[in-house]
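Chain and residue survey
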Amino acid sequence: MGIRSAWRELWRAPRPVSQPEPPRPRRMRMYQGAQNGRLLSSWVSDGSSADAEIKGSISRLRNRARQLVRDNSYAAQACRVIRHNIVGTGVRLQAQVMQQRGNRLNHRINDQIEREWRKWCRKDSADVAGRLCFADIERLVVNSLCVDGEVFIQLVRKPFGRSRVPFSLRVLEADMVDEDYQGKGANPRQEWRMGVLLDEFERPLKYAFHREHPGNAGFGVHRPGKDHMILDAADVIHVYGPTTRPGMTRGVSWFAPVVKTMHHLDGYCEAELVRQRAGSAIMAWIQSPEGELFGDGVYDDQRVMSLQPGSVQYLAPGESVEVPQMGASDSGFQPFVNAMLRNMASGLGVSFENLSQDWSMSNYSSSRLSLMNERDNWKVLQYFLQENFYQPVFDAWLEMAQLAELLELPTYATEPERYQNVRWMCRGWQFVDPQKEVAAYKEAVSCGFKTQADVIAEQGGDIEDLYKARAYEMELAEEYGLKFATDAEVAAPTVDEDPQQLEAPDEPEESDGGDPEENGTEGD
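What comes next is a walk through the structure. Everything quoted here is computed from the prediction, not taken from an experiment. (Residues numbered from 1 in each chain as written. Predicted model: local features only at pLDDT ≥ 70, side-chain atom pairs only at ≥ 80, totals over all residues. Heavy atoms only, no water.)

Regarding the sheet that holds strand 4 (residues 183–184)
Taken in spatial order, the five strands of this open sheet run 4-5-6-7-8, and their pairing is antiparallel. Strands with a single pairing partner mark the edges of an open sheet, and in this sheet they are strand 4 and strand 8 (228–232). As judged from the five bridges shared by strand 7 (residues 204–210) and strand 8, these two strands associate in the antiparallel manner. When the bridges of strand 8 are listed, phenylalanine 209 appears paired with methionine 229. (Pairing = 2+ DSSP bridges. Helix = DSSP H or I, 4+ residues; strand = E, 2+ residues; numbered from the N terminus.)

Topic: the nonpolar core
One finds Trp120, Phe255 and Trp397 to be the most contacted residues of the largest nonpolar core, which totals 70 residues. Dropping the residues within four chain positions of it, tryptophan 397 is found in contact with Ile113, Glu116, Trp117, Trp120, Val165, Phe167 and Leu407. Among the nonpolar cores identified, the runner-up in size contains 11 residues, and Met176, Val177, Val196 and Met229 belong to it. (Core = buried A, V, L, I, M, F, W, Y, C linked by side-chain atoms within 4.5 Å. Buried < 20%, exposed > 50% of the residue type's maximum accessible area, 1.4 Å probe, protein only. Contact = heavy atoms within 4.5 Å.)

Focus: the packing of aromatic side chains
Within the structure shown, the criterion is met by 20 aromatic pairs. Ring centres of phenylalanine 134 and phenylalanine 389 lie 5.9 Å apart, and the angle between their planes is 5°; on these two criteria the pair is classed as stacked. In this pair, phenylalanine 134 is assigned in helix 7 (residues 134–148) and phenylalanine 389 in helix 11 (residues 364–403), connecting sequence segments 255 residues apart. By relative accessible area, phenylalanine 389 is classed as buried at 1%. An aromatic cluster is defined as three or more aromatic residues linked by ring pairs; in this entry it consists of Trp117, Trp120, Phe134, Phe167, Phe389, Tyr390, Phe394, Trp397 and Trp424. Positioned above the aromatic ring of phenylalanine 352 is the side chain of arginine 342, whose terminal nitrogen or guanidinium carbon lies 4.0 Å from the ring centre. (Phe/Tyr/Trp six-rings, centres within 6.5 Å; stacked < 30°, edge-to-face > 60°. Lys NZ or Arg CZ within 6 Å of the ring centre and 35° of its normal.)

Focus: unusual backbone geometry
Cis geometry is found at the peptide bond from glycine 241 to proline 242, where omega equals 0°. Relative to the helices and strands, proline 242 resides in the loop between strand 9 (236–240) and helix 8 (259–281). One non-glycine residue, glutamate 202, lies in the positive phi region at around 65°. Mapped onto the secondary structure, glutamate 202 falls in the loop between strand 6 (196–198) and strand 7.

Structural notes on the environment of valine 252
Looking at the secondary structure, you find valine 252 in the loop between strand 9 and helix 8. A C-alpha to C-alpha distance of 7.8 Å links valine 252 and tyrosine 240, two positions 12 residues apart in sequence.

Things to note about a nonpolar patch on the surface
Together, Tyr472, Leu476, Tyr480, Leu482 and Phe484 make up a nonpolar patch on the protein surface, roughly 560 Å² of accessible area in all. By the element assignment, phenylalanine 484 lies in the loop between helix 15 (463–479) and helix 16 (516–519). For phenylalanine 484, a relative accessible area of 47% corresponds to the partly exposed category. (Patch = residues over 30% accessible without salt bridge, like charges linked within 9 Å, V, L, I, M, F, W, Y side chains within 5 Å. Areas by Shrake-Rupley, 256 points an atom, 1.4 Å probe, with all protein chains shown as cover. Salt bridge = Lys/Arg side-chain N within 4 Å of Asp/Glu carboxyl O.)

Considering the pairing of strand 9
Counting buried positions along strand 9 gives five out of five residues, so the element sits mostly inside the fold. Alternating positions in strand 9 separate into two faces, Val236, His238 and Tyr240 on one and Ile237 and Val239 on the other, with burial throughout. Sheet analysis places strand 2 (residues 150–156) next to strand 9, joined by five bridges and oriented antiparallel. Bridging across to strand 9, valine 151 finds its partner in valine 239.

Structural notes on the pattern of salt bridges
Taken as a whole and judged by the stated rule, the model has 24 salt bridges. Between glutamate 173 and arginine 66 there is a salt bridge; the shortest N-O distance is 3.7 Å. You can see glutamate 173 sitting in the loop between strand 3 (168–172) and strand 4 and its partner arginine 66 sitting in helix 3 (residues 58–71), a full 107 residues away along the chain. Take arginine 66: its relative accessible area is 16%, and that puts it in the buried class. The partner of aspartate 465 in a salt bridge is arginine 92, with the nearest N and O atoms 3.2 Å apart. In this pair, aspartate 465 sits in helix 15 while arginine 92 sits in strand 1 (residues 92–95), placing the two residues 373 residues apart along the sequence.

What about the sheet that holds strand 3?
Hydrogen bonds between backbone groups are what pair the strands of a sheet, and the pairing can be parallel or antiparallel. In space, the three strands of this open sheet follow the order 3-2-9, with antiparallel pairing throughout. Of all the strands in the sheet, just strand 3 and strand 9 have a single pairing partner and so form its edges. Geometrically, the sheet is characterised by an average inter-axis angle of 25° between neighbouring strands, direction not taken into account. The pairing of strand 2 with strand 3 spans five bridges and is antiparallel. When the sheet's bridge partners are listed, isoleucine 153 is paired in strand 3 with valine 171. (Axes fitted to C-alpha atoms, helices over the stretch in contact; angles between N-to-C directions.)

Details of empty space enclosed by the protein
Counted under the stated rule, the structure contains one cavity of 30 Å³ or more. Here the largest cavity is characterised by a volume of approximately 30 Å³. Lining the largest cavity, in full, are Ile58, Leu61, Arg62, Asp148, Gly251, Val252 and Ser253. Take the lining of the largest cavity: its biggest share by element is three residues, from helix 3. Residues that form the lining of the largest cavity fall into these classes: three nonpolar, two polar and two charged. (1 Å grid on protein atoms, 1.4 Å probe; cavity = no way out; pocket = protein on both sides within 12 Å on 5 of 7 lines; lining within 4 Å. Points joined across faces, edges and corners; volume = space filled by probe spheres on them. Nonpolar A, V, L, I, M, F, W, Y, C, P; charged D, E, K, R; others polar.)

Here we look at the packing of helix 4 (residues 73–86) against helix 7
Two quantities define a packed helix pair, namely the angle between the helix axes and the distance between the axes. One way to put it is that helix 4 packs onto helix 7 with a least axis distance of 9 Å and a crossing angle of 140°. It follows from the interaxial angle that helix 4 and helix 7 lie oblique. Helix 7 is crossed by helix 4, and the crossing has right-handed handedness. Contact residues: helix 4 offers Cys79, Ile82, Arg83 and Ile86, while helix 7 offers Arg139, Val142, Asn143, Cys146 and Val147. Its residues placed into classes, the contact of helix 4 with helix 7 shows six nonpolar, one polar and two charged. (Parallel < 35°, antiparallel > 145°, perpendicular 65-115°, else oblique. Left-handed = near helix turned anticlockwise from the far one by under 90°.)

Topic: the packing of helix 3 against helix 4
It is the contact of helix 3 with helix 4, at a shortest axis distance of 5 Å, that shows an interaxial angle of 100°. With respect to helix 4, the element helix 3 is oriented roughly perpendicular. Between helix 3 and helix 4, the residues in contact are Leu68, Val69 and Asp71 and Ser73, Ala75, Ala76 and Cys79, respectively. Its residues placed into classes, the contact of helix 3 with helix 4 shows five nonpolar, one polar and one charged.

Let's talk about helix 3
The end-to-end C-alpha distance of helix 3, which contains 14 residues, comes to 20 Å, matching closely the 20 Å that a straight helix rising 1.5 Å per residue would cover. By the burial criterion, the buried members of helix 3 are Ile58, Arg62, Ala65, Arg66 and Leu68. Down the axis, helix 3 shows its buried residues gathered within 160° of arc, on one side only. Exposed residues on helix 3 whose side chains face more than 90 degrees from its buried face are Arg60, Arg70 and Asp71. (Expected span 1.5 Å × (residues − 1). Arc of directions from axis to C-beta.)

Listed below in structure tokens is the structure:
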């Protein structure tokens, strides 16, 4: 009975439920750049928005870029190259107002607009402080874009200096806009973000400016009243970019990709310089039983020893010296510096030759290719400034000039866009190989691929100004009875022309039949 009972109890006991095996992890296909592993564990990346990334970096990046431009020769050269290639001596305005009837330019109105614009561009009129002419303001805007990533221009509708147009510009640094000014606006759909009030479509409505520069604390300047000055977006031109992500409210320094590399290279060059200087200064060490007779002094509880070229240093009894090997620099110094400079040139969009001022490793073909690629970058930035700086300034100036009754624009109230049509003549560049390029341009014009205006504009000129100057030269030469090779009647034959065809034709031989009229026949 014991066995039967045990067997019966065994079958009555609940059977253990078998647990299902956990599912095996499913192996997913992914890009190698998105995988995690031992070699990529230190790669930190997140999905924050553009403004979130800017908010945590904008101030420090801006200050570090400014320090580099102040103290680093390569950073200063990069700013110089960018500034001179985009603006140069200044961008000129060419009015393009058309006649109401016919597809022709209205020269009277265009000349009037250009004349008043040139008067306003003087430094006592264009700048509220009376220090910068408009060309200087252009270069300052480009320099601020390069270093700070953005710049603010306040439109002050008051006359300054000799200007009769109640309009002037005030250039403000990026520090003047409080990036910590945030929160909801008066309308629930509006939001303050880094000192800029945005509507529901992220269109700027207002800007929150500091009344004083935050860095002026050392001067003890303080004005009583509110800490911020709120300006409407219609009175401010915010130039920043070119934007790299949607939703960017503020700009980022163009030095952001290279600021770390530049800092480390600066320290590396400084260490190499100190090493060479110390190695060339010490001549000998002398150990005397009396010890050191004259010391160099103590600074911060540390013994200071001065090293000068040709110096002889004395040691105290029992002291010994181990001189590090400070010989000539190894052969890898210059290649390493060049590699870092190429890295910086790529990040800033300039050529290695322009950044380093080293043309020893380039030939004509490589230099020309580098310059052509670089000039494409300058043209893109020139167009960017036309849309974001030059045209908004001109539109505001034209409105105030018309209100001041300095321009006779009959239909400005009903069609202002007709008079806002202008052409900005940005700086051009000289030929790399004048003989070949002039021949190529001549062929392109003769084939109809380009116009003379296109060729002249690529060199930074204006065809209308060129024709006026050319006509004046021809009149002056005719007045003095002079002729040059550029005159049509004395122009030299081109390469494609046969010089023999330019000679005077031989006299036609007389036919035996005599005069056609006398023979009663008709000539050909």
